[in-house]
Amino acid sequence: FSFVFLLASLRNTRMMNRTFLLCFTLLFALAIARNPLDKYGILYVNEIVANIDTFTVQIEDSFVEDNTLTIDIIEEWSGNGINTEGIFLINGDAEVFDYFLVHPPTTFPGELYANGGIHADKPNENFFSFLVEDNTGDTSISGLLTVDGGVFVEDGTFTIAAGSGETTVRDARFNANGGIAVNDDAFTVNPEGDVYIDSTLHILQDVILGDSTTEDFFVRRIKTDHQDGGDTIISAQDGVSTGGNLWIVPGYENDCTTGCRDGSIFVGSVNNDNVRVKRPQVSADGSMTTFQGQTSPNGEGGDIKIFPGDSIEGGDGGDLIVIPGLSGNGNHGSIYFGTNEDGLSDFDLTIGRPSLVSGAGGDTFFKGQSTQNGDAGDLNILSGQGPNGSALRLIPGDANGDYTLEEQGDIILGNPDSADLSIVRSESNVSAGPTFFVGQESTGEEGGDVFLAAGSAHGNGNGGNLYLAPGSNPESPGQSGVPAGDIFIGDLVENLVLTRQPRDGGGLDTYIVGQNGTSSQGGDIFLTAGSGGTFGGTVSLRGGSELLDTDDYDFAYPIGGDVIVESGTGAVDGGDILLTSNIGGSVLIETDDINAGSIFINAGSGSTLGDVQIGDTSAGVLIADANLVIENSYLEIQEGAERIIFRADPTNILEYNGKTILRSVSDYPVPVVPSDRIEVDDDLEFSLTALRMAQLQNSLEILVNALSQCQHGLF
């Protein structure tokens, strides 16, 4: 074992010369007295001068070369050791009771006990190149420490094993103020405390950074001048069947009453740099990556929250972007919620926002991809596929969230802009399938209503229109031979009522209007009953009736509404109204059979009156069991050029071909002549017969006087 000190100071040269001379004299005397037969004594030598050619002096096995004295052996002969001015030699040990100053390189083949500490080299700003402090054993080395035979300090408090170099510092501090270098810098520590390891670092217990102070600590790598930085891998323990878990645990509060909050796990630096957390690339199929919240065997499972950064000032909050895996062949990945594991997949899954304790809830948007230079991306919401297609539900918010009979929120389609909005199905390559809008069904009570309402105008504008348009051929709309689809209303088993919702007060008008034509004629309206195998259906036009149950409508009047069939107006002539039956069918116009009303056929009024015509090829007109009343007009019978007119006019009651044949009626009562039989036995003298003849003569005279007003006499 050798221990080398390199000292540069020569300030005590004279004192060292005297000490060296004394030691040399003592050691030389002991060297020549090595044989017990030799005579022991003291040799005083003032100066030893070496040969000029070899610079060495040899006295038996002792050599003096330059300033180095080599002595083969020092033996004591009294058994009490050897004392020489503060140096005590006994049994091969040397004890120095004063400062032991060494200037040239010195080798100690045995152990060195420096109970007062070791100071090497001149202090430089209160620091020695080699320092072993007294009592504590704290060691500071600013240069290179070479140990060949091991180091043992104070009963093993500090040891360095020979050969292996195994170092032990027991119950004391190891100060390597000049740094540590092991095995050609395989392990180094610089004076600033930086540790460098050129191989694998094995830590068998916990790694604790820092102390109880709240300072920041970093586990990081040194910056490189290369183009690409190297990878850094933190890996858990591999196992034969199951790999070990990797835990990253933030700090927890352990003694808190108010405002308590556990620590967070941060990824990235405080700079506004982009950070990616991803798995390395693999040549085969990629495996699944799972982020799972905390599981509880007894309580509720832990939540997972993923939210982007906030903007403390006036900036925008960060976006949350979830990107599926992309594929070069266009088969990109999907974003799934839930799991497909056996026994865990058939559960209801809710994707929503957390509830608020107070205040209005914020809006939630699902938005397709926008672009500045092409077609914007579609937004598709698909329900599950299987042997039976699943339902797609759009459910508005419920009042109080208890799903009772309170009012629910609305389902709003489109944005506030006044652009057109189309709700359509995807195009089909074959015959398109039907589309159903169905109201709510009930298992025990009435079914729910369905309202299709156009938009209201809250200002001075008109309300929006409601269009029900059947499908057509978009390549040739409205062309002959390309019919449009039909609009069907109702089902196959129940009667259908098309009506408006009741209103407090008077009911408002309802119009069914055909299509207007800007350059040609308007479109027709056909009200056609259904066809049947035996009888066709009936078309009934009925005015509104009085409310039968007037408990809630005390102001209702017992008067039915009118039925008005009116043709369109025109700049020249109005349109016609045609009531036509087919194949022997009748046209019946009648009133109620309880309280009969009147039937009015009016040809209109104006500068030129219209005509009321009943058939042109009719077999006849029959008025049965009823009176024919012509009010404020006349009855004209025509056949060819012949005309007979009946008027309620005293000056022209009956007119034939333009000539009045009856006018001004006088009141001439005509006595009734008895018509009973006169028996012969009762009128043997013909007195009753003569009376009866006189009565006939009187009545005939009265009748002739009445008919004498006619120009033709008796007609």
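Please refer to the structure higher up on the page.
Residues numbered from 1 in each chain as written. Predicted model: local features only at pLDDT ≥ 70, side-chain atom pairs only at ≥ 80, totals over all residues. Heavy atoms only, no water.

Peer 1: Please clarify how the overall build of the protein chain should be interpreted in this entry.
Peer 2: Helix and strand counts for the protein chain stand at 2 helices and 19 strands. In the protein chain, buried positions account for 9% of the 715 residues. Sequence separation of at least 24 residues holds for 24% of the intrachain contacts in the protein chain that already meet a minimum separation of 6. Counting only carbon and sulfur atoms, one obtains 50% of the accessible surface of the protein chain, whose full area is about 65,400 Å². (Helix = DSSP H or I, 4+ residues; strand = E, 2+ residues; numbered from the N terminus. Buried < 20%, exposed > 50% of the residue type's maximum accessible area, 1.4 Å probe, protein only. Contact = heavy atoms within 4.5 Å. Areas by Shrake-Rupley, 256 points an atom, 1.4 Å probe, with all protein chains shown as cover.)

Peer 1: I tried to follow the sheet that holds strand β11 (residues 158–160) on my own but got confused; where do I start?
Peer 2: Sheets are built from strands that pair by backbone hydrogen bonding, the pairs being arranged parallel or antiparallel. What the 3 strands build is an open sheet, ordered β10-β11-β12; its pairing is antiparallel. The sheet terminates laterally at β10 (151–153) and β12 (167–169), the two strands that pair on one side only. If you compare each strand with its neighbour and ignore which way they point, the axes differ by 5° on average. Direction of pairing for β11 relative to β12: antiparallel, over a ladder of 3 bridges. Paired with F158 across the two strands is V169, which belongs to β12. (Pairing = 2+ DSSP bridges. Axes fitted to C-alpha atoms, helices over the stretch in contact; angles between N-to-C directions.)

Peer 1: Please clarify how the pattern of salt bridges should be interpreted in this entry.
Peer 2: Pairing of side chains with opposite charge becomes possible as their charged atoms draw close. Summed over the entire model, instances satisfying the criterion amount to 4 salt bridges. Among the salt bridges present, the one from R643 reaches E636, with a minimum N-O distance of 3.4 Å. Here R643 falls in the partly exposed class, since its relative accessible area comes to 27%. The class of E636 is partly exposed, set by a relative accessible area of 30%. The shortest N-O distance in the salt bridge between R677 and E679 comes to 3.5 Å. Here R677 falls in the exposed class, since its relative accessible area comes to 69%. (Salt bridge = Lys/Arg side-chain N within 4 Å of Asp/Glu carboxyl O.)

Peer 1: How should I be thinking about the sheet that holds strand β16 (residues 634–639) in this particular structure?
Peer 2: Pairing is antiparallel across the open sheet formed by 4 strands, whose spatial order is β16-β17-β18-β19. In the strand order of this sheet, the two ends are held by β16 and β19 (659–662), each with one partner. Direction aside, neighbouring strands of the sheet carry axes that sit 20° apart on average. As paired strands, β16 and strand β17 (residues 642–647) are joined by 6 bridges and run antiparallel to one another. If you follow Y634 over to β17, its bridge partner there is R647.

Peer 1: Can you walk me through the packing of aromatic side chains in this structure?
Peer 2: With the rule as written, the count across this model stands at 0 aromatic pairs. Cation over ring: R220 sits above F218, and NZ or CZ is 4.7 Å from the ring centre. Directly above the ring of Y634 sits R647, whose terminal nitrogen or CZ lies 5.1 Å from the centroid. (Phe/Tyr/Trp six-rings, centres within 6.5 Å; stacked < 30°, edge-to-face > 60°. Lys NZ or Arg CZ within 6 Å of the ring centre and 35° of its normal.)

Peer 1: Teacher, can you tell me more about the state of the cysteines here?
Peer 2: Here, the word disulfide means a covalent bond between the sulfur atoms of two cysteines. Under the definition given, this model contains 1 disulfide. Across the disulfide from C256 sits C260; the S-S distance is 1.9 Å. Judged by the sign of its S-S torsion, about -105°, the cystine formed by C256 and C260 is left-handed. The exposure class of C256 is partly exposed, given its relative accessible area of 31%. According to the relative accessible area criterion, C260 is partly exposed, its value standing at 35%. (Disulfide = S-S within 2.5 Å.)

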